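If you want the building blocks of each chain, they are given just below.
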Amino acid sequence: MAQAPVNVTVTGAAGQIGYALLFRIASGQLLGADTPVRLRLLEIPQAVKAAEGTAMELSDCAFPLLAGIDITDNAKQAFDGANVALLVGARPRTKGMERGDLLEANGGIFKPQGEAINAGAADDIKVLVVGNPANTNALIAQRHAPDVPAERFTAMTRLDQNRALAQLSAKLSVPVTEIRKMTIWGNHSATQYPDLFHAEVNGRTAAEQVEREWLADEFIPTVAKRGAAIIEARGASSAASAASAAVDHVYDWVNGTAEGDWTSAGVVSDGSYGVPEGLISSFPVVSKNGAWQIVQGLELDEFSRGRIDASVRELAEERDAVAKLGLI
Ligand SMILES: NC(=O)c1ccc[n+]([C@@H]2O[C@H](COP(=O)([O-])OP(=O)(O)OC[C@H]3O[C@@H](n4cnc5c(N)ncnc54)[C@H](O)[C@@H]3O)[C@@H](O)[C@H]2O)c1
Ligand SMILES: O=C(O)C[C@H](O)C(=O)O
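Everything quoted here is computed from the prediction, not taken from an experiment.

**Brief notes about the overall build of the protein chain**
Part 1 of the argument: Counting its secondary structure elements, the protein chain contains ten helices and 14 strands.
Part 2 of the argument: Relative to the 2.2 N^0.38 estimate, which gives 20 Å for 328 residues, the radius of gyration of the protein chain is 19 Å and therefore close to what a compact globule would have.
Part 3 of the argument: Looking at the protein chain as a whole, 48% of its 328 residues are labelled buried.
Part 4 of the argument: Sequence-distant contacts in the protein chain: of pairs separated by 6 or more residues, those separated by 24 or more amount to 73%.

So this is what it looks like as structure tokens:
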């Protein structure tokens with residue numbers, strides 16, 4: 001019997017990430033080459049027409065796996081029966097802003113969306129928040145979906161991980177495929193900590209293979225500030241690379257991470273590595289049977305500890321700020 005289509009809801013479907021993402025989902029790259037998808041596109045009323053235009057193009061691709069497209073400005077309809085939800089719709093920052101500056105502007109979007117997910121999503125719903133500030137927006141949505149297991153809400157730090165892979169691959173002149181166990185810890189912000197002490201290149205620790213100055217003064221700031229560098233260069237925030245990272249995140253979540261490797265994702269902390277329980281923070285994770293597990297038992301030296309603590313402090317401040325705004 002042919003497999004029933006998986007319902008994939010994408011918010012902000014008419015935006016720039018949406019445009020880069022939808023065609024990859026419809027082509028089978030999000031879930032796998034044998035899985036049909038039904039797209040549910042959520043937009044604000046003013047952008048529904050533009051989403052309809054994108055849907056026309058999606059139809060015109062005649063993707064064999066695309067079982068249908070629904071477009072709505074109603075969150076309840078968009079998430080009804082959703083198996084996978086990609087929460088992209090939110091305002092991007094512009095030059096000179098930090099992602100945290102978007103808390104007030106965007107936080108309000110995620111409360112009703114969390115409620116709508118709680119009300120109608122499928123039992124196996126998996127949520128990835130891309131809209132910034134992603135970790136705290138994921139926290140807001142999660143807090144408003146009390147009937148959904150908290151671990152189904154995740155925030156995207158896969159783009160940071162991919163950026164870290166690209167920087168290290170260029171530095172060591174090795175293909176990205178020879179790098180394993182790249183971790184991003186903390187917030188998807190300038191305080192994030194891309195960790196080379198647990199990453200491996202050809203089976204040896206990456207940190208041993210680069211100068212300490214490069215690691216501290218070039219690698220970490222380049223990865224952490226890459227979003228701002230893209231905005232500076234492109235005049236708009238990253239879109240195709242963000243869409244690609246979202247595809248990577250969901251693909252691994254659904255299909256499992258490779259044996260002997262791990263990936264990074266913002267997941268609800270269970271207190272691991274001293275990150276306060278409940279915060280949505282990036283950790284090294286593996287996916288097994290459709291569920292993320294935080295990799296345990298990594299030793300953290302003082303350098304790593306200090307950087308993780310700084311990013312986690314920022315997450316706690318963001319949580320307190322949205323609590324003050326009445327969003328959680
Ligand atoms: N986590 C990451 O790594 C990462 C990477 C890149 C961008 N982002 C973030 O993703 C978000 C989207 O970026 P973009 O470049 O596509 O922006 P964009 O402005 O091009 O598109 C955003 C879209 O969201 C829609 N939208 C706004 N409010 C909505 C709501 N309540 N429901 C549904 N749709 C809504 C808008 O109408 C617009 O079409 C931004 O917040 C950006 O900062 C995150
Ligand atoms: O940096 C931004 O504001 C957009 C996005 O989060 C990115 O990392 O590219």
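**Topic: the environment of Gln3**
Part 1 of the argument: As for its placement among the helices and strands, Gln3 is situated in the segment before β1 (6-11).
Part 2 of the argument: Residues Gln3 and Thr35, 32 residues apart in the sequence, show an inter-C-alpha distance of 6.9 Å.
Part 3 of the argument: Ignoring sequence-local partners within four residues, the contact set of Gln3 consists of Asp34, Thr35 and Pro36.

**Description of the sheet that holds strand β7 (residues 179-180)**
Part 1 of the argument: Pairing is antiparallel across the open sheet formed by three strands, whose spatial order is β7-β10-β11. Each edge of the open sheet carries a strand with a single partner, namely β7 and β11 (204-205).
Part 2 of the argument: In this sheet, β11 lies alongside strand β10 (residues 200-201) in antiparallel orientation, the contact comprising two bridges. By the bridge assignment, Val201 is partnered in β11 with Arg204.

**A short note on the site of ligand 2**
Part 1 of the argument: As a matter of local geometry, ligand 2 sits amid Pro92, Arg93, Arg99, Asn132, Leu159, Gly227, Ala228, Ile230, Ser237 and Ser238.
Part 2 of the argument: Looking at the shell around ligand 2 element by element, the count peaks at three residues for helix α8 (residues 226-234).
Part 3 of the argument: A class-by-class count of the residues in the shell around ligand 2 yields four nonpolar, four polar and two charged.
Part 4 of the argument: When we break the shell around ligand 2 down by domain, the ones giving at least three residues each are domain 1 (6-155) and domain 2 (158-318).

**Looking at the confidence of the model for the protein chain**
Part 1 of the argument: In the predicted model, the protein chain carries a mean pLDDT of 97, and the fraction of residues at 70 or more is 100%.
Part 2 of the argument: Across the predicted assembly, pTM comes out at 0.98 and ipTM at 0.99.

**Structural notes on the UniProt feature "binding site: NAD(+)" (unreviewed entry) in the protein chain**
Part 1 of the argument: As recorded in UniProt, the sites labelled "binding site: NAD(+)" (unreviewed entry) are Gly12, Ala13, Ala14, Gly15, Gln16, Ile17, Gly18, Asn106, Gln113, Val130, Gly131 and Asn132.
Part 2 of the argument: Positionally, Gly18 belongs in helix α1 (residues 16-26).
Part 3 of the argument: The exposure class of Gly18 is buried, given the 25 C-beta atoms found within 10 Å.
Part 4 of the argument: Setting aside residues no more than four positions away along its own chain, Gly18 makes contact with Val10, Gly12, Ala13, Thr54 and Val88.

**A look at the nonpolar core**
Part 1 of the argument: Ala85, Leu86, Leu87, Val129, Val130, Ala141 and Ala246 are the most contacted members of the largest nonpolar core, which has 94 residues in total.
Part 2 of the argument: Here this core spans two domains, and each of domain 1 (6-155) and domain 2 (158-318) adds at least three residues to it.
Part 3 of the argument: Apart from the residues within four sequence positions on either side, Leu87 is in contact with Thr11, Phe110, Gln113, Val127, Leu128, Val129, Val130, Gly131 and Ala141.

What counts and how
Residues numbered from 1 in each chain as written. Chains lettered and ligands numbered in written order. Predicted model: local features only at pLDDT ≥ 70, side-chain atom pairs only at ≥ 80, totals over all residues. Helix = DSSP H or I, 4+ residues; strand = E, 2+ residues; numbered from the N terminus. Rg over C-alpha atoms; globule rule 2.2 N^0.38 Å. Buried ≥ 20, exposed ≤ 12 C-beta atoms within 10 Å, placed from the backbone. Contact = placed C-beta atoms within 7 Å. Pairing = 2+ DSSP bridges. Near = placed C-beta within 6 Å. Nonpolar A, V, L, I, M, F, W, Y, C, P; charged D, E, K, R; others polar. Domains from an automatic or database assignment. pLDDT = per-residue confidence, 0-100. UniProt positions renumbered as here; feature names shortened; annotations may be inferred. Core = buried A, V, L, I, M, F, W, Y, C linked by C-beta atoms within 7 Å.

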